[in-house]
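# Working through the structure, step by step
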Amino acid sequence: MNLLMLRYSGGFEHSYLPNAEVAIKQLGKKYGWGVTTTHLCSRINAEALSKLDVVVFATTGSLPFDAGQKEALLNFVKSGKGFVGIHNATDTGYDWAEYGEMIGGYFNGHPWTQEVGVIVEDITHPATRSLGTGFKVFDEIYTFKNWDRNKTHVLMRIDNSTVDISKGNRPDNDYALAWCHNYGQGRVMYTGFGHPDDLWSQEWFMNHIAGCIKWSARLED
């Protein structure tokens, strides 16, 4: 299995990104994956994608892709490959509606940077099966627009009783933290976690990220 991680900051640059690169390379060594990380958006092209199984985005802002690159990425996933978005992968591509449809929504603020309770809705998924029915974590919690749980499969959500819900911005108070769905023949996975640098050295979180990758690559169901 071959994976490319794109870390490109067209907007805010997150301090966790170097840690994430190292951590995902370590997962590659652990599981025998071929892992490449880059900040060059030019690496997203039809020829390069033809050699890959999974693309991981940790990006912000507008992505300097031309029409051919955009089409190549969407076709890559539609053809049966995997896409994993980490934390700020929803805070990108605002000018590319098809990307928003693929990943399932866009960043709409982060009202809670604190310890929150997490409710695991699907305890059998590779990304969550090691997490039990719930846990607590300190992270920067995103809210989302153009997001609808009827269009995806929610894996985790905030325990609303653990935050000041009046700071939220969704009328339905439905704040998912991770989800997955098919896109064409491919698999799209998103996790909202990852902002704190130290998460990337914690075993539970690396098991979560590994599960995200394994599911998207069809290594596990």
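Our subject is the structure listed above.
My aim in this report is to walk through the structure given alongside it, one point at a time. (Residues numbered from 1 in each chain as written. Predicted model: local features only at pLDDT ≥ 70, side-chain atom pairs only at ≥ 80, totals over all residues. Heavy atoms only, no water.)

## Observations regarding the nonpolar core
- Residues Ile24, Met156, Trp200 and Ile209 are the most contacted members of the largest nonpolar core, which totals 44 residues.
- Ranked by residues supplied to this core, first place goes to helix 5 (residues 203-216) with seven residues.
- With near-sequence residues (within four places) excluded, Met156 lies in contact with Val118, Ile119, Val120, Glu121, Thr128, Leu131, Phe135, Ala176, Leu177, Ala178, Phe193 and His208.
- Counting residues in hydrophobic clusters, the runner-up holds 32 residues, among them Ile44, Trp96, Met102 and Trp179. (Core = buried A, V, L, I, M, F, W, Y, C linked by side-chain atoms within 4.5 Å. Buried < 20%, exposed > 50% of the residue type's maximum accessible area, 1.4 Å probe, protein only. Helix = DSSP H or I, 4+ residues; strand = E, 2+ residues; numbered from the N terminus. Contact = heavy atoms within 4.5 Å.)

## Here we look at the pairing of strand 4 (residues 82-86)
- Burial within strand 4 is extensive, with five of its five residues counted as buried.
- Of the two faces of strand 4, the one lined by Gly82, Val84 and Ile86 and the one lined by Phe83 and Gly85 are each fully buried.
- Of the pairings in the sheet, the one linking strand 3 (residues 54-57) to strand 4 comprises four bridges and is parallel in character. The residue of strand 4 that forms the bridge with Val56 is Val84.
- Between strand 3 and its parallel partner strand 4, the chain crosses via helix 3 (residues 67-78), and the hand of that crossover is right-handed.
- Relative to strand 11 (residues 186-191), strand 4 runs parallel, the two being bridged by five bridges. Its bridge partner lying in strand 11, Gly82 is registered against Arg187. (Pairing = 2+ DSSP bridges. Right-handed = clockwise from strand over helix to strand, strands pointing away.)

## With respect to the environment of Ser130
- In this structure, Ser130 sits in the loop between strand 6 (112-120) and strand 7 (134-141).
- With a relative accessible area of 46%, Ser130 lands in the partly exposed category.
- Along the primary structure Ser130 and Asn160 are separated by 30 residues, whereas in three dimensions their C-alpha atoms are 22 Å apart.

## Describing the pattern of salt bridges
- As enumerated under the stated definition, the model contains 10 salt bridges in all.
- Measuring nitrogen to oxygen at the nearest pair gives 4.0 Å for the salt bridge that ties Glu47 to Lys51. For the pair formed by Glu47 and Lys51, the shared burial category is exposed.
- Among the salt bridges present, the one from Arg157 reaches Glu121, with a minimum N-O distance of 3.0 Å. Placement of the pair is Arg157 in strand 9 (residues 153-158) and Glu121 in the loop between strand 6 and strand 7, with a sequence separation of 36 residues.
- For Glu121, a relative accessible area of 31% puts it in the partly exposed group.
- Connected via shared salt-bridge partners are Glu121, Arg149, Arg157 and Asp174. (Salt bridge = Lys/Arg side-chain N within 4 Å of Asp/Glu carboxyl O.)

## Quick notes on the side chain of Glu140
- The topology assignment puts Glu140 in strand 7.
- For Glu140, which is buried and forms no salt bridge, the nearest opposite charge comes from Lys167, at a distance of 13 Å.
- Side chain to side chain, Glu140 and His87 meet in a polar contact 3.1 Å long.
- Here Glu140 is in contact with His14, His87, His110, Trp112, Thr113, Gly192 and His195, once residues within four sequence places are set aside. (Lys, Arg positive; Asp, Glu negative; His and termini not counted. Polar contact = N/O pair within 3.5 Å; in protein donor to acceptor, adjacent residues only side chain to side chain.)

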